[in-house]
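Given next are the chains, with one letter for each unit.
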Amino acid sequence: MGHYPEENSEFIREFFKRTLHNLNTYVEDHQNNKERYPYDVTQTINSFMGLIVFLKDSDIVFSQELETFVVDHPPSQWFCNNANNGSEEHNFKNYLKRLRNAVSHRQINSIPDENDDIVALQFRDGYNGGCFEAKLPIESVNLLIKLLSQNILGAN
């Protein structure tokens, strides 16, 4: 399907476009044939992880809707320090950094329901017990993917 653009923000847009295509195709296939495509939540998680990893150091300005997501989905714990040893600002950029760190350090756990289906993800970041912990239901992960898509691609 062609190579990725070299310019950072265009690379991110193209990666988002392709990842969302794969995710939407799998979810649609899952709805039509659950036996052949049983891992819709796993595909959502994989897509989400890829999307947040590639946003690191991007030149993309985050929308107010993403800032509102942080307010509406507050971590149970967030007392991390910034580079100057002061309190880290609670905004989407830092929220995203903490989610990304949790993924990269394998501090992400799936939370099952009574049927052993994944219903939420728990993210932790920081040393000595951590400074950040957030639990996101899969519906919230899907919402975050949608908000990021609208922010990056202008998609609805």
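Only a predicted model underlies this, so the values are computations on that prediction, with no experimental measurement involved.

1. Observations regarding the sheet that holds strand S1 (residues 77-78)
Reading across from one edge, S1-S4-S3-S2 is the order of the 4 strands in this open sheet, with antiparallel pairing throughout. Looking along the sheet, the strands with just one partner apiece sit at the ends: S1 and strand S2 (108-112). In this structure, S1 lies alongside strand S4 (residues 132-137), joined through 2 bridges in antiparallel fashion. Bridging across to S4, Trp78 finds its partner in Phe132. The strands that helix H4 (residues 92-104) touches are S1, S2, strand S3 (118-125) and S4; relative to S3, the one it contacts most, it runs at about 100°.

2. Quick look at the state of the cysteines
All chains considered together, the criterion is met by 1 disulfide. The disulfide partner of Cys80 is Cys131, and the S-S distance across this bridge is 2.0 Å. Because the torsion about its S-S bond is 90°, the bridge between Cys80 and Cys131 counts as right-handed. Taken together, the positions of Cys80 in the loop between S1 and H4 and Cys131 in the loop between S3 and S4 put the pair 51 residues apart, joining distant regions of the chain.

3. Let's talk about the packing of aromatic side chains
Each aromatic ring pair is summarised here by two numbers: the centre-to-centre distance and the angle between the ring planes. According to the stated counting rule, one finds 8 aromatic pairs in the structure shown. Ring centres 5.0 Å apart and planes at 75° place the aromatic pair Phe62 and Phe92 in the edge-to-face group. Of this pair, Phe62 sits in the loop between helix H2 (40-54) and helix H3 (64-72) while Phe92 sits in helix H4, placing them 30 residues apart in sequence. The two residues Phe62 and Phe92 agree in class, both being buried.

4. Side note on the nonpolar core
Leu55, Phe92, Tyr95, Phe123 and Phe132 are the most contacted members of the largest nonpolar core, which has 39 residues in total. Those elements that place two or more of their residues in this core are helix H1 (8-32), H2, H3, H4, S3, S4 and helix H5 (138-153). The greatest single-element share of this core, amounting to 7 residues, is contributed by H5. Look past the residues within four positions of Phe92 in its chain and what remains in contact with it is Phe62, Leu66, Glu67, Val70, Leu144 and Leu148.

5. Quick word on the packing of H3 against H5
It is the contact of H3 with H5, at a shortest axis distance of 9 Å, that shows an interaxial angle of 160°. What the angle tells us is that H3 and H5 run roughly antiparallel. The handedness of the crossing between H3 and H5 is left-handed. In this structure, H3 contributes Glu65, Leu66 and Phe69 to the contact, and H5 contributes Ser140, Leu143, Leu144, Leu147, Leu148 and Asn151. Here the contact of H3 with H5 is built from residues that sort into 6 nonpolar, 2 polar and 1 charged.

6. Here's the deal with the environment of Cys80
Owing to a relative accessible area of 3%, Cys80 belongs among the buried residues under this scheme. Between the C-alpha atoms of Cys80 and Arg98, which are 18 residues apart in sequence, the distance is 9.3 Å. Residues within four places of Cys80 in sequence aside, it is in contact with Gly86, Ser87, Glu88, Arg98, Cys131 and Phe132.

7. Quick notes on the pattern of salt bridges
Within the structure shown, the criterion is met by 7 salt bridges. Residue Arg98 pairs with Glu88 through a salt bridge whose shortest N-O separation is 2.7 Å. On the criterion of sequence distance, the pair formed by Arg98 in helix H4 and Glu88 in the loop between S1 and H4 is long-range, its members being 10 residues apart. Among the residues examined, Arg98 registers a relative accessible area of 8% and is labelled buried. The salt bridge involving Asp125 is made with Arg98; its shortest N-O contact spans 2.5 Å. Residue Asp125 is found in strand S3, and its partner Arg98 is found in helix H4; the two are separated by 27 residues along the sequence. Each of Glu88, Lys97, Arg98 and Asp125 takes part in one network of salt bridges that share partners.

Rules behind the numbers
Residues numbered from 1 in each chain as written. Predicted model: local features only at pLDDT ≥ 70, side-chain atom pairs only at ≥ 80, totals over all residues. Heavy atoms only, no water. Pairing = 2+ DSSP bridges. Helix = DSSP H or I, 4+ residues; strand = E, 2+ residues; numbered from the N terminus. Contact = heavy atoms within 4.5 Å. Axes fitted to C-alpha atoms, helices over the stretch in contact; angles between N-to-C directions. Disulfide = S-S within 2.5 Å. Phe/Tyr/Trp six-rings, centres within 6.5 Å; stacked < 30°, edge-to-face > 60°. Buried < 20%, exposed > 50% of the residue type's maximum accessible area, 1.4 Å probe, protein only. Core = buried A, V, L, I, M, F, W, Y, C linked by side-chain atoms within 4.5 Å. Parallel < 35°, antiparallel > 145°, perpendicular 65-115°, else oblique. Left-handed = near helix turned anticlockwise from the far one by under 90°. Nonpolar A, V, L, I, M, F, W, Y, C, P; charged D, E, K, R; others polar. Salt bridge = Lys/Arg side-chain N within 4 Å of Asp/Glu carboxyl O.

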